[in-house]
Amino acid sequence: MNQYIVYRFDRSDGQAAAIRAATRPLHRDYMAQFASRVRIGGPILDAAGQACGGMMVIDAASEDEVRAIVRDDPFEQAGLSHHIEIYPFRWQTNRPADL
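A. Structural context of the overall build of the protein chain. In terms of regular secondary structure, the protein chain is built from three helices and four strands. Its helices and strands in sequence order give the protein chain the pattern β-α-β-β-α-α-β, from N to C terminus. Taken against the 2.2 N^0.38 rule, which gives 13 Å for 99 residues, the C-alpha radius of gyration of the protein chain at 14 Å falls within 12% of a compact globule. With the C-alpha coordinates of the protein chain rotated into their principal frame, the extents come out at 40 × 30 × 20 Å. Across the 99 residues in the protein chain, those meeting the buried criterion constitute 33%. Restricting to contacts in the protein chain with at least 6 residues of sequence separation, those with at least 24 account for 71%.

B. Representation of the nonpolar core. Tyr4, Val6, Tyr30, Met31, Phe34, Met56, Ile58, Ala60, Val66, Ile69, Val70 and Ile86 together form the largest nonpolar core, which totals twelve residues. Elements with a contribution of two residues or more to this core: strand S1 (2-10), helix H1 (16-32), strand S3 (51-60) and helix H2 (63-72). When neighbours within four sequence positions are excluded, Ala60 is seen to be in contact with Met1, Asn2, Tyr4, Arg37, Glu65 and Val66.

C. Spatial organisation of the packing of aromatic side chains. Summed over the entire model, instances satisfying the criterion amount to three aromatic pairs. Consider the rings of Tyr7 and Phe9, whose centres lie 6.4 Å apart with planes at 20°: the pair is stacked. When the centroid spacing of 5.4 Å and the interplanar angle of 70° are considered together, the rings of Tyr30 and Phe34 count as edge-to-face. We note that Tyr30, like Phe34, is buried. In this arrangement the basic side chain of Arg20 is found over the ring face of Phe75, its NZ or CZ atom lying 5.9 Å from the centre.

D. Up close: the side chain of Gln3. For Gln3, the location among the structural elements is in strand S1. Gln3 gets classed as buried once you look at its relative accessible area, which sits at 10%. A polar contact is formed between the side chain of Gln3 and the side chain of Asp59, at a distance of 2.9 Å.

E. Up close: the pattern of salt bridges. Under the counting rule described, the total for this entry stands at nine salt bridges. The salt bridge partner of Asp98 is Arg39, with a shortest N-O separation of 2.9 Å. With Asp98 in the segment after strand S4 (81-89) and Arg39 in strand S2 (residues 38-45), this pair connects stretches of sequence that are 59 residues apart. Since its relative accessible area comes to 57%, Asp98 is described here as exposed. Taken together, the salt bridges that share partners define one network made up of Arg8, Asp73 and Glu76.

Parameters at a glance
- Residues numbered from 1 in each chain as written.
- Predicted model: local features only at pLDDT ≥ 70, side-chain atom pairs only at ≥ 80, totals over all residues.
- Heavy atoms only, no water.
- Helix = DSSP H or I, 4+ residues; strand = E, 2+ residues; numbered from the N terminus.
- Rg over C-alpha atoms; globule rule 2.2 N^0.38 Å.
- Buried < 20%, exposed > 50% of the residue type's maximum accessible area, 1.4 Å probe, protein only.
- Contact = heavy atoms within 4.5 Å.
- Core = buried A, V, L, I, M, F, W, Y, C linked by side-chain atoms within 4.5 Å.
- Phe/Tyr/Trp six-rings, centres within 6.5 Å; stacked < 30°, edge-to-face > 60°.
- Lys NZ or Arg CZ within 6 Å of the ring centre and 35° of its normal.
- Polar contact = N/O pair within 3.5 Å; in protein donor to acceptor, adjacent residues only side chain to side chain.
- Salt bridge = Lys/Arg side-chain N within 4 Å of Asp/Glu carboxyl O.

Shown next as structure tokens:
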């Protein structure tokens, strides 16, 4: 497996907090099936400490697989992000022993 880093940036029309709150339980349920593959993940915070996006490092066979996982996430089905970036990732500092 390869690792990929995913950056999600929230929409900026003032609806992101409501979308996140409404879909968070579905997002958590959906992401639970990938729990063994997500190495780290969570919200990106703004200066006030409020979520303004998200980040994760996930094990996957390909970038296409990661794109499908993100596409099917309830957060994205509800239109939470205005921009998503996905990059191959190589863990270097404090690398887990299994990589």
